[in-house]
Amino acid sequence: MKTQTDTTRFVRMMLATMVVWTLAIALPAGATTRTPNVGDLNNAAEPVATEQPARPFDLVGSDYTVSVLPRPDGWVDSLEGDSQTPTAYSDDPLGIVAKAPFVRRYSLDTDYWQVYLCGGTSVTMTQAVNSLNGNTAAYYSSWSQGALQLSFSAGASLTPTGSDPNCRLAAETDAAAGTEGVFIIDTVTGGGFASPGSVCFSGEDCAWVPSTVATGSGRYAVVGDTAFANYPQVVVHELGHSYHWPHSNSGAFEYDNPIDVMSGNAGTVQALSTLAYNRYLSGWVDPTDVFVTNGNYAEVTLQPGTSSGTQMIVLRAAKQWDLFVLGARTRSTYDPISPSMEGVEVYWIDQNTCTGWGGAEPCPSLWREQIMEPARSNSLDHVYQVGESFTIEGLQFSVTGRSGEGFTIAVGDPGAPVQSFVDTSASQFIADIEWLLAEGITSGCNPPSNDRFCPTDNVTRGQMAAFLSRALNLTDQGTKDFVDDDASAFEADIERLAAAGITLGCNPPANDQFCPDDPVTREQMAAFLVRALGLTNTGTIDFIDDDFSIFETDIESLATAGITLGCNPPTNDRFCPTENVTREQMAAFLHRALG
């Protein structure tokens, strides 16, 4: 339940109703739209998540088209073995974007468009190209933090025909080699419509799908003359579809979300921002800036796209492939919302009930649905402000305060186990990491904030010295002075390690260097720990891949002490001696050794 008063909520809802902007989109004759598949609707494999009421119907896209391009006969996918199995998340580090490499094919470099005028438009080619290369390109460059650069060049003025009223077919025929999209301004469309081009079923790379208009990608955006001249948000909206951004809405009407450029756009002429999930899907949010909750208690500062830090909170739904995502919204140059709309927005990303998608995978691209949570038409109920609390699938969220441009959020029950770092949700070693923090052996990897642990980063020899020095409470720096550690933040720890006889150096026989910035291998880690703990019993454990290692005896001593099990569960007959040690693995080793 929210804690905000009913009166305040009513005022906010009425404000949204007054300012929500909707634009009738006129489709050309013969244009293809998504239509509900009755069989799909009547034979849902699973019920929707219990916290989200079932929608009365699937949505019908009215300003975008997309088609599926099947595999050619005989195609063998080198990545997925030509399989229809649900492996579509394999190239997304967080496993939340289907076909990530494919849907990011245009959003991470320079995207080349050719501009066409269809009929007697009031907009000239020079005006069109200058506008698109100006404010429109600046919008996308800003939200992508420079990862996407739009480049628009002049095409031609075309004459519409009865079979091609928007000149789309003529533009695709005329497009120069290397053109990745055709942008058309016509005189018959009220708003606009667009397509990201054809997509594919199985296979991450979908190498058989053309990437340029000249080769048949089918990627386009059409905007009416009046809309182009007067409503910049329409241009941004249609281009958003070309990057696989669907509408967000309540499920009742596709344009009823007042705070998304891909929906109602709050009545402003300038384009608002869009969901944090759309930005992540496009590759503009680093996976380390996403907090995936595992149900433990955590306090997270959620930042808008204009600030660095955590950009999105993700809760995996009980239903496979579905997600709930939280993002922060504050007023900025490219998000001109009113102060009353600032807050934490919540959406249900539904990748299951996707009309028109027939793959045995989570649906990608424009087929997924992005539903306001809670789903109330023309409302700001899904935008939570300081002091409000809500529950999704049994997990509690509370917006507890502001922090700069962002919002602090308490996730989970304060009585539950604590998750102190925002980037450890997916780690199997989270308990070991929390132990490391509680023991004062680590404070984090990103001072001064130190809200991250960087679990998959390699441990350097200097960091290893610090871990062991703190864990063993070493204080004697001795007289050993390596020639290559004067610039290291860990020089004192390195000298303590040498004084304790835990390290000799890295360049025998001279051993006057420590190599503080080199990564620590698993066999080196075994030697460090064996010396630190005084282990001598080699037992009977014999890994099959360490016979060549000069540290074989140390490895066997570590295994006998139960500090390592192996590197290839469940068999665990290998130790992988030359692989680097990650920070989360180091946490596990130290916890087993000293906990």
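To be clear, the structure that these remarks concern was listed above.
These numbers were taken from a predicted model, which means no experiment stands behind them.

Conventions we followed
Residues numbered from 1 in each chain as written. Predicted model: local features only at pLDDT ≥ 70, side-chain atom pairs only at ≥ 80, totals over all residues. Heavy atoms only, no water. Helix = DSSP H or I, 4+ residues; strand = E, 2+ residues; numbered from the N terminus. Buried < 20%, exposed > 50% of the residue type's maximum accessible area, 1.4 Å probe, protein only. Contact = heavy atoms within 4.5 Å. Areas by Shrake-Rupley, 256 points an atom, 1.4 Å probe, with all protein chains shown as cover. Pairing = 2+ DSSP bridges. Axes fitted to C-alpha atoms, helices over the stretch in contact; angles between N-to-C directions.

### Topic: the overall build of the chain
Inference 1: Secondary structure summary: the chain contains 14 helices and 16 strands in total.
Inference 2: Every one of the 595 residues in the chain was classed for burial, and the buried ones make up 54%.
Inference 3: Intrachain contacts of the chain at a sequence separation of at least 6 include 71% that bridge at least 24 residues.
Inference 4: Counting only carbon and sulfur atoms, one obtains 51% of the accessible surface of the chain, whose full area is about 23400 Å².

### Some words on the sheet that holds strand S15 (residues 395-403)
Strand pairing in a sheet takes place through backbone hydrogen bonds and is either antiparallel or parallel in direction.
Inference 1: As summarised here, the arrangement of the four strands in space is S8-S16-S15-S14, forming an open sheet in which the pairing is antiparallel. Of all strands in the sheet, those with a lone pairing partner are strand S8 (298-302) and strand S14 (389-392), marking the two edges. Taking the axes of each pair of neighbouring strands and ignoring which way they run, one obtains an average angle of 30° across the sheet.
Inference 2: In the sheet, S8 pairs with strand S16 (residues 406-411) via five bridges, with the strands oriented antiparallel. Each residue of the ladder has a partner; that of Val-300, found in S16, is Ile-409.

### Description of unusual backbone geometry
Inference 1: Of note, the amide linkage connecting Glu-373 to Pro-374 takes the cis form, showing an omega dihedral of 5°.
Inference 2: The topology assignment puts Pro-374 in the loop between strand S12 (369-372) and strand S13 (383-384).
Inference 3: Cis rather than trans, the peptide bond between Pro-447 and Pro-448 has omega equal to 5°.
Inference 4: Locating Pro-448 in the fold gives a position in the loop between helix H9 (430-438) and helix H10 (461-471).
Inference 5: With phi around 45°, Glu-393 is a residue other than glycine that occupies positive phi space.
Inference 6: Its location among the elements puts Glu-393 in the loop between S14 and S15.
Inference 7: Since its relative accessible area comes to 24%, Glu-393 is described here as partly exposed.

### Side note on the sheet that holds strand S2 (residues 149-158)
Inference 1: Reading across the sheet, the five strands line up as S2-S1-S3-S5-S4 and stay open at both edges, with mixed pairing between neighbours. Two strands close off the open sheet at either side, each with one partner strand: S2 and strand S4 (192-196). The mean angle between the axes of side-by-side strands here comes to 20°, regardless of whether they run parallel or antiparallel.
Inference 2: Relative to strand S5 (residues 219-224), S4 runs antiparallel, the two sharing five bridges. Residue pairing across strands places Ala-194 opposite Ala-221, the latter belonging to S5.
Inference 3: Running at roughly 160° to S2, helix H4 (residues 125-143) makes contact with strand S1 (110-118), S2 and strand S3 (181-186) of the sheet.
Inference 4: Sheet strands in contact with helix H7 (residues 232-242) are S1, S2, S3, S4 and S5, and its direction is about 25° off that of S4.

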